[in-house]
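Geometric and topological summary
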Amino acid sequence: MPLMSKGQWRAFLTERPRTGKLAVVRADGAPHVTPVWFDLDGDEIVFTTHETGIKGRSILRDPRVCLSVDDDAPPFAFVIINGTARVSTDPDDLRYWAARLAGRYMGADRAEEFGRRNGVPGELVVRVKPTKVVAADKVAD
């Protein structure tokens with residue numbers, strides 16, 4: 001099972017849209033995992049979420065997160081990123097990222113539609129600075 005270099009795991013995360021599974025810590029200490037659309041901005045993972053959802057409330061209270069992204073087809077691969085999140089409520093930033101993520105996952109023709117729908121007050125832009133990355137390719141070879 002070869003480990004991926006930084007360039008390889010970055011390519012794995014961006015070569016096609018894959019849904020990430022984001023883990024946060026609830027107020028009672030229990031884990032919570034939820035799917036997210038994400039993209040990279042430099043070395044940061046970026047996604048949006050609503051401030052009143054479990055994910056948003058948890059990140060605002062405790063910025064430690066873990067994102068897992070995998071290829072579930074043989075020979076299998078994965079990237080696991082532990083990191084620290086910071087949030088933005090800037091309206092321009094929010095509209096930009098809501099549209100960019102929609103374009104990545106839904107197609108360029110629907111980017112603005114989803115950007116308007118998801119780039120609204122109450123939504124947060126979340127940026128995760130990686131603190132540890134574990135990434136492997138060809139797990140079943």
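See above for the structure.
A short tour of the structure in this document, coming up. (Residues numbered from 1 in each chain as written. Predicted model: local features only at pLDDT ≥ 70, side-chain atom pairs only at ≥ 80, totals over all residues. Heavy atoms only, no water.)

**Considerations on the side chain of Arg127**
We apply this condition: Helix and strand assignments follow DSSP, with helices taken as H or I runs no shorter than four residues and strands as E runs no shorter than two, numbered in order from the N terminus. Throughout, exposure labels follow a simple rule: accessible area from a 1.4 Å probe, protein chains only, divided by the maximum for the residue type, with under 20% read as buried, over 50% as exposed, and the rest as partly exposed. Think of a polar contact as two N or O atoms within 3.5 Å of one another; within protein, one of them needs to be a possible hydrogen donor and the other a possible acceptor, and neighboring residues in sequence only count if both atoms come from side chains. Should any heavy atoms of two residues lie within 4.5 Å, those residues are counted as being in contact.
Residue position: Arg127 is located in strand E7 (residues 123–137). Relative accessible area serves as the criterion here: at 12%, Arg127 is assigned to the buried category. Reaching out from Arg127, the side chain makes a polar contact with the side chain of Asp41 at a distance of 2.8 Å. Contacts of Arg127, omitting those with residues within four sequence positions, involve Asp41, Glu44, Ile45, Val46, Thr84, Ala85, Arg86, Asp93 and Trp97.

**Considering the layout of surface pockets**
The condition is simple: Of the two site types, the cavity is a set of points on a 1 Å grid over the protein atoms alone where a 1.4 Å probe fits but cannot get out, and the pocket is an open set with protein on both sides within 12 Å along at least five of seven lines, each lined by residues with an atom within 4 Å of a point. Grid points are joined across faces, edges and corners, and a volume is the space filled by probe spheres set on the points. Classification convention: Asp, Glu, Lys, Arg as charged; Ala, Val, Leu, Ile, Met, Phe, Trp, Tyr, Cys, Pro as nonpolar; all other residues, Gly among them, as polar.
If you add up the space inside the largest pocket, you get close to 160 Å³. Along its surface, the largest pocket is lined by Pro35, Val36, Trp37, Thr48, Lys55, Ala98, Leu101, Phe114, Arg117, Asn118 and Glu123. Looking at the lining of the largest pocket, the element that brings in the most residues is helix H4 (residues 111–118), giving 3 residues. Looking at the lining of the largest pocket, its residues break down into 6 nonpolar, 2 polar and 3 charged.

**What to know about the packing of aromatic side chains**
We apply this condition: Geometry of aromatic contacts follows a simple scheme: Phe, Tyr and Trp rings, the Trp one being its six-membered ring, pair when their centres are within 6.5 Å, and the pair is stacked under 30 degrees between planes, edge-to-face over 60, tilted otherwise. Cation placement over rings: the criterion is NZ of Lys or CZ of Arg within 6 Å of the ring centroid and within 35° of the ring normal.
Evaluated as defined, the whole model comprises 3 aromatic pairs. Note on Trp37 and Phe114: the rings are 6.1 Å apart at their centroids and 45 degrees apart in plane angle, and the pair reads as tilted. In this pair, Trp37 sits in the loop between strand E2 (31–36) and strand E3 (39–41) while Phe114 sits in helix H4, placing the two residues 77 residues apart along the sequence. For the ring pair Tyr96 and Trp97, a centre distance of 5.2 Å and an interplane angle of 90 degrees mean the geometry is edge-to-face. Under the relative-accessibility criterion, Trp97 is labelled buried at 2%. Through successive ring pairs, a cluster of aromatic residues spans Trp37, Tyr105 and Phe114. Over the ring of Phe12 we find Arg18; its NZ or CZ atom is 3.8 Å from the centre of that ring.

By themselves, these observations are geometric and do not establish any function.
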